[in-house]
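Close look at the chain arrangement
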Amino acid sequence: MKLGIVGLPNVGKSTLFNSMTLGKAEAANYPFCTIDPNVGVVAVPDKRLDRLTALYNSAKTTPAVIEFVDIAGLVKGASKGEGLGNKFLSHIREVDAIVHVVRCFEDGNVVHVDGSVDPVRDIETINLELIFSDIEILERRIAKTTKSLMGNKSLKKELDVLKKLQEGLEKGICARMIPFDDPDDAAFVDTLDLLTSKPVLYAANVAEDDLADDGASNENVQAVREYAAKDGSEVFVLCAKIEEEISELDNDEKEEFLSALGVSSSGLDRLIKASYKLLGLISYLTSGPDETRAWTIKNGTKAPQAAGKIHTDFERGFIRAEVVAFDDLDRLGSMTAAKEQGLVRSEGKEYVVKDGDVILFRFNV
């Protein structure tokens with residue numbers, strides 16, 4: 001999973017990136033201090049892996065990972081080359097989802113590029129730049145498809161989809177909010193790789209005092225939540241400065257610090273949880289003496305395709321999957337005990353893998 005962190009300059013993007021990836025992206029109180037995108041890979045926290053590693057005495061533990069890309073602050077006119085322009089829009093095109101950091105705190109010492117804190121205005125500024133960029137792409141595609149239509153009438157349906165997208169974008173509607181009932185049409189839209197098709201997580205960056213109640217008393221956060229509800233997007237609240245402090249602590253100190261703040265989990269944990277939900281992802285687990293590992297798949301994936309995440313031979317030669325729920329294995333303490341209780345199942349090609357399944361694949365090639 002690859003997430004792009006975007007936002008106006010000075011909203012806390014690079015501070016957030018540094019805290020989550022322990023990276024060293026420059027974070028300064030002036031626009032465009034991030035020029036080339038910084039990239040960091042983060043392990044997905046999963047206590048189930050620790051338990052399985054202990055049960056199987058695994059030599060190696062491999063968590064799922066998320067790749068974060070810290071993309072330079074966009075400004076009004078970016079799609080026309082303003083600020084650092086189209087170069088950074090191209091970086092957004094490469095990610096699976098967008099983490100849009102929105103400033104919801106007041107601080108006279110931190111410059112706001114538009115002179116005041118107004119998160120909805122900031123969101124719309126960036127959305128418009130993404131929309132303008134998508135319109136340019138569609139205009140070129142429509143011209144090309146119209147020309148090709150002369151000798152290939154089957155392109156008429158494709159052209160209709162392109163024009164429907166263009167019409168919606170010109171009204172200021174993001175592509176992800178434009179409905180297509182035909183699955184083939186929706187699949188075609190996905191191939192266009194439009195910026196406004198990408199799912200969005202709004203990261204409401206608040207002051208420390210607003211963390212304990214999850215931003216409930218912060219009017220700016222409420223405005224973001226109302227906007228996201230209409231936009232079909234997710235929102236999570238964090239304080240980038242606090243995240244930076246947390247990143248320098250060990251696990252025990254981290255839990256103590258969060259408890260003192262009245263917060264149950266870090267911003268990174270909430271971001272990962274929200275990302276999995278937004279993208280419809282789950283994790284299944286494999287474990288043995290050599291390695292315990294988490295594998296990320298789409299919710300609804302069947303057993304052979306899940307096996308293919310490990311190796312294509314596993315999918316090609318799939319015979320069956322021996323499956324036990326992690327909670328059952330954790331409670332009983334061994335695979336032998338789970339088998340005695342009849343909780344280890346033999347599943348075939350139509351089995352839909354569930355989050356937390358511990359699986360041993362049987363295959364033959």
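Before any of the text, the structure's been laid out above.
Note that this is a predicted model, so its numbers are computed, not measured. (Residues numbered from 1 in each chain as written. Predicted model: local features only at pLDDT ≥ 70, side-chain atom pairs only at ≥ 80, totals over all residues. Heavy atoms only, no water.)

Where strands meet in a sheet, backbone hydrogen bonds hold them as pairs that are either parallel or antiparallel. The strand order across the open sheet built from six strands is E2-E4-E1-E5-E6-E7, with neighbouring strands paired in mixed fashion. Because the sheet does not close on itself, it has two edges, and the strands there are strand E2 (38-43) and strand E7 (234-238). Strand-to-strand, the axes of this sheet are offset by a mean angle of 25°, without reference to chain direction. With six bridges joining them, strand E5 (residues 97-103) and strand E6 (residues 200-205) adopt parallel strand pairing. Following the sheet pairing, Val 101 is matched in E6 by Ala 203. (Pairing = 2+ DSSP bridges. Helix = DSSP H or I, 4+ residues; strand = E, 2+ residues; numbered from the N terminus. Axes fitted to C-alpha atoms, helices over the stretch in contact; angles between N-to-C directions.)

Moving on to the packing of aromatic side chains. Tallied over the entire structure, the rule returns five aromatic pairs. On the basis of an interplanar angle of 20° and a centroid distance of 6.5 Å, the ring pair of Tyr 284 and Trp 295 is categorised as stacked. A residue pair is termed long-range when its members are at least 10 positions apart, and Tyr 284 in strand E8 (residues 281-287) and Trp 295 in strand E9 (residues 292-298) qualify at eleven residues. Here the aromatic cluster, defined as three or more aromatic residues joined through ring pairs, consists of Tyr 284, Trp 295, Phe 318 and Phe 361. Lying over the aromatic face of Phe 180, Lys 164 brings its terminal NZ or CZ to 4.6 Å of the ring centre. Above the ring of Trp 295, the side-chain terminus of Arg 293 is found at 4.1 Å from the ring centroid. (Phe/Tyr/Trp six-rings, centres within 6.5 Å; stacked < 30°, edge-to-face > 60°. Lys NZ or Arg CZ within 6 Å of the ring centre and 35° of its normal.)

Take unusual backbone geometry next. Backbone geometry at Asp 193 places phi at a positive 55°, although glycine is not the residue there. With respect to the helices and strands, Asp 193 occurs in the loop between helix H6 (183-191) and E6. Assessed through its relative accessible area of 31%, Asp 193 is described here as partly exposed. One non-glycine residue, Asp 214, lies in the positive phi region at around 55°. For Asp 214, the position within the fold is in the loop between E6 and helix H7 (219-231). (Buried < 20%, exposed > 50% of the residue type's maximum accessible area, 1.4 Å probe, protein only.)

Moving on to the nonpolar core. Of all hydrophobic cores here, the largest spans 64 residues; its most connected members are Phe 68, Ile 92, Val 99, Tyr 202 and Leu 211. No other element matches the six residues that helix H10 (residues 267-279) contributes to this core. The next biggest cluster of nonpolar side chains, apart from the first, holds 19 residues, and it includes Ile 135, Leu 149, Val 161 and Ile 178. (Core = buried A, V, L, I, M, F, W, Y, C linked by side-chain atoms within 4.5 Å.)

Moving on: the pattern of salt bridges. All told, the structure shown has 24 salt bridges when counted by the stated rule. Between Lys 198 and Asp 193 there is a salt bridge, and its shortest N-O distance comes to 3.2 Å. By relative accessible area, Lys 198 is classed as buried at 7%. Across the salt bridge formed by Glu 350 and Lys 302, the nearest N and O atoms sit 2.5 Å from each other. With a gap of 48 residues between them, Glu 350 in the loop between strand E11 (345-347) and strand E12 (357-363) and Lys 302 in the loop between E9 and helix H11 (303-308) connect regions that are remote in the sequence. A relative accessible area of 58% means that Glu 350 is categorised as exposed. One continuous salt-bridge network, built from bridges that share partners, spans Lys 2, Glu 67 and Glu 94. (Salt bridge = Lys/Arg side-chain N within 4 Å of Asp/Glu carboxyl O.)

Bringing the side chain of Arg 48 into the picture now. Among the secondary structure elements, Arg 48 is positioned in helix H2 (residues 47-56). Here Arg 48 falls in the buried class, since its relative accessible area comes to 18%. Ignoring anything within four residues of it in the chain, the contact list for Arg 48 reads Ser 283, Leu 285, Phe 326, Asp 355 and Gly 356. (Contact = heavy atoms within 4.5 Å.)

Bringing the packing of helix H4 (residues 119-149) against H7 into the picture now. The description of two packed helices rests on the angle between their axes and on the distance between the axes. The contact between H4 and H7 brings their axes to 8 Å, and the two run at 40°. The angle between the axes of H4 and H7 places the two elements in the oblique class. Taken together, the residues of H7 that come into contact with H4 (itself represented by Pro 119, Val 120, Ile 123, Glu 124 and Asn 127) are Asn 220, Ala 223, Val 224 and Tyr 227. Of the residues contributing to the contact of H4 with H7, the split by class is six nonpolar, two polar and one charged. (Parallel < 35°, antiparallel > 145°, perpendicular 65-115°, else oblique. Nonpolar A, V, L, I, M, F, W, Y, C, P; charged D, E, K, R; others polar.)

What follows concerns the pairing of strand E4 (residues 65-70). As defined by bridge partners, strand E1 (residues 2-6) adjoins E4 across four bridges and the pair is classed as parallel. Residue pairing in the sheet places Leu 3 in a bridge with Phe 68 of E4. Here E2 pairs with E4 via six bridges, running antiparallel. By the bridge assignment, Ala 43 is partnered in E4 with Val 65.

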